[in-house]
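# Report on the structure
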Amino acid sequence: MSVIKFGLIADIQYVDADDATDFTGKQKRSYRNSLEVVKKAVTRWSEGEGVEFVAQLGDLVDGKARTNGTEVADCDKVLEELHKCKSKSFINIIGNHDLYNFKRHQLEGLLKTKTDGATWYSFRPSAASPLRVIVLDSYDVSTIEGSTEENTKAASTFLAQHNPNDIHTFGVDWSAGLEGTERRFVPYGGLMSDVQLSWLKQTLTAAAAASEKAVILLHTPVCPGACNPLCLLWNYQDVLDIIKESGSVVAVFAGHDHDGGYLFQDGVHHFTLPSPLLCVGEELAFATVDLFKDRLVVKMEGVKLPQEVEIPFNA
């Protein structure tokens, strides 16, 4: 029997609006149906003794809500459904759409995005398992709103150095002329500051010394091949280098790329959760993780992803 369970979901992006497409006009988005997927996820996670926590990996409400003037009402509606879950706690991670709708201080009030004063932190969900959960902030340095005013300015400078397009105007093809992983340098991405990277390295070094295993939760993926290059963290390689050096990370769970993806690389399982926005009919998009003393079992709901992955801690 598992020690505990926890639930994961990403890019709910609910808004009380009719179906539409993304900015490319190619990807259909079913805004109201996304909430129906949330309800089904809550039902699944509430079975038996429920879950230890639910982690919402960012983009709770679509940016369209701000335009419609419904961002608070739509946010409350999703939270109302999520909080029906038989879960001891909830984790809300900042995504780009969250920053389109709210300022960071508002997100702290609405979603409790900080622990001990920071949007990156770690915890042990069970004393019976060596697992440490690490939460990161992909938009620490962001042109939308970084964690500090200085970081917001630094993001604009950084992006201008890597993207020759008009990055300040919506409707422009921000990735025009960019190839491969260079396509990640777009305004809806972000990077982690040296402060956050240093904290991550210290946390993983301490985890390894304590014989802990770690999973990382964040909004933007860090592994090419597990997502569309457009969706990668700007400084993903810095994160991958820290992960590889530590040897203690067994899995990374992200969102941002609505199609989802998966790749096993250098001993780490990289999961990109698909978005409920794209679900049709009875399709689902979320994950349930069973934590045992010596392993994780990840049960995925979504296309393009393995249905079940067992992750031993001592492989």
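A brief look at the structure comes next. (Residues numbered from 1 in each chain as written. Predicted model: local features only at pLDDT ≥ 70, side-chain atom pairs only at ≥ 80, totals over all residues. Heavy atoms only, no water.)

## Examining the packing of aromatic side chains
For the coordinates displayed, the defined rule picks out 10 aromatic pairs. Residues F6 and F53 carry aromatic rings whose centres are separated by 4.6 Å and whose planes lie at 10° to one another, so their mutual orientation is stacked. With F6 in strand β1 (residues 4–9) and F53 in strand β4 (residues 51–56), this pair connects stretches of sequence that are 47 residues apart. Judged on exposure class, the residue F6 and its partner F53 are both buried. An angle of 80° between the planes, with centres 5.5 Å apart, marks the rings of F53 and F123 as edge-to-face. You can see F53 sitting in strand β4 and its partner F123 sitting in strand β6 (residues 121–123), a full 70 residues away along the chain. Overall, F123 belongs to the partly exposed group, its relative accessible area being 22%. Chaining the aromatic ring pairs together yields one cluster made of Y100, F170, W174 and Y188. (Phe/Tyr/Trp six-rings, centres within 6.5 Å; stacked < 30°, edge-to-face > 60°. Helix = DSSP H or I, 4+ residues; strand = E, 2+ residues; numbered from the N terminus. Buried < 20%, exposed > 50% of the residue type's maximum accessible area, 1.4 Å probe, protein only.)

## Topic: the pattern of salt bridges
If the charged atoms of two oppositely charged side chains come close together, the side chains can form a pair. For the structure shown, the criterion picks out 19 salt bridges. R44 serves as the salt-bridge partner of E301, at 2.7 Å between the closest nitrogen and oxygen. Of this pair, E301 sits in strand β13 (residues 295–301) while R44 is found in helix α1 (residues 31–45), placing the two residues 257 residues apart along the sequence. (Salt bridge = Lys/Arg side-chain N within 4 Å of Asp/Glu carboxyl O.)

## Digging into the pairing of strand β7 (residues 131–135)
Counting buried residues along β7, five of its five residues qualify, which places the element largely inside the surrounding structure. The alternating pattern of β7 places L131, V133 and V135 and R132 and I134 on opposite faces, both of which are buried. Here β7 pairs with strand β8 (residues 213–217) via five bridges, running parallel. Counted as the bridge partner of R132 is A214 from β8. (Pairing = 2+ DSSP bridges.)

## Some thoughts on the layout of surface pockets
By volume, the second largest pocket amounts to about 340 Å³. Elements supplying a minimum of two residues to the lining of the second largest pocket: α8 (236–246), β9 (249–254), β10 (261–265), β11 (268–272) and β14 (308–312). The greatest single-element share of the lining of the second largest pocket, amounting to five residues, is contributed by α8. Its residues assigned to classes, the lining of the second largest pocket comprises 10 nonpolar, eight polar and four charged. (1 Å grid on protein atoms, 1.4 Å probe; cavity = no way out; pocket = protein on both sides within 12 Å on 5 of 7 lines; lining within 4 Å. Points joined across faces, edges and corners; volume = space filled by probe spheres on them. Nonpolar A, V, L, I, M, F, W, Y, C, P; charged D, E, K, R; others polar.)

## Concerning the sheet that holds β1
Taken together, six strands build an open sheet; the order of strands is β5-β4-β1-β12-β13-β14 and the sheet is mixed. Each having just a single partner strand, β5 (87–92) and β14 make up the two edges of the open sheet. Neighbour-to-neighbour, the strand axes of this sheet turn through a mean angle of 20°, independent of strand direction. Summarising the sheet, β1 and β4 pair through four bridges and their orientation is parallel. Residue pairing in the sheet places F6 in a bridge with F53 of β4. The sheet contacts of α1 involve β1, β4, β12 (286–291) and β13, and relative to β12 the element is tilted by about 15°. (Axes fitted to C-alpha atoms, helices over the stretch in contact; angles between N-to-C directions. Contact = heavy atoms within 4.5 Å.)

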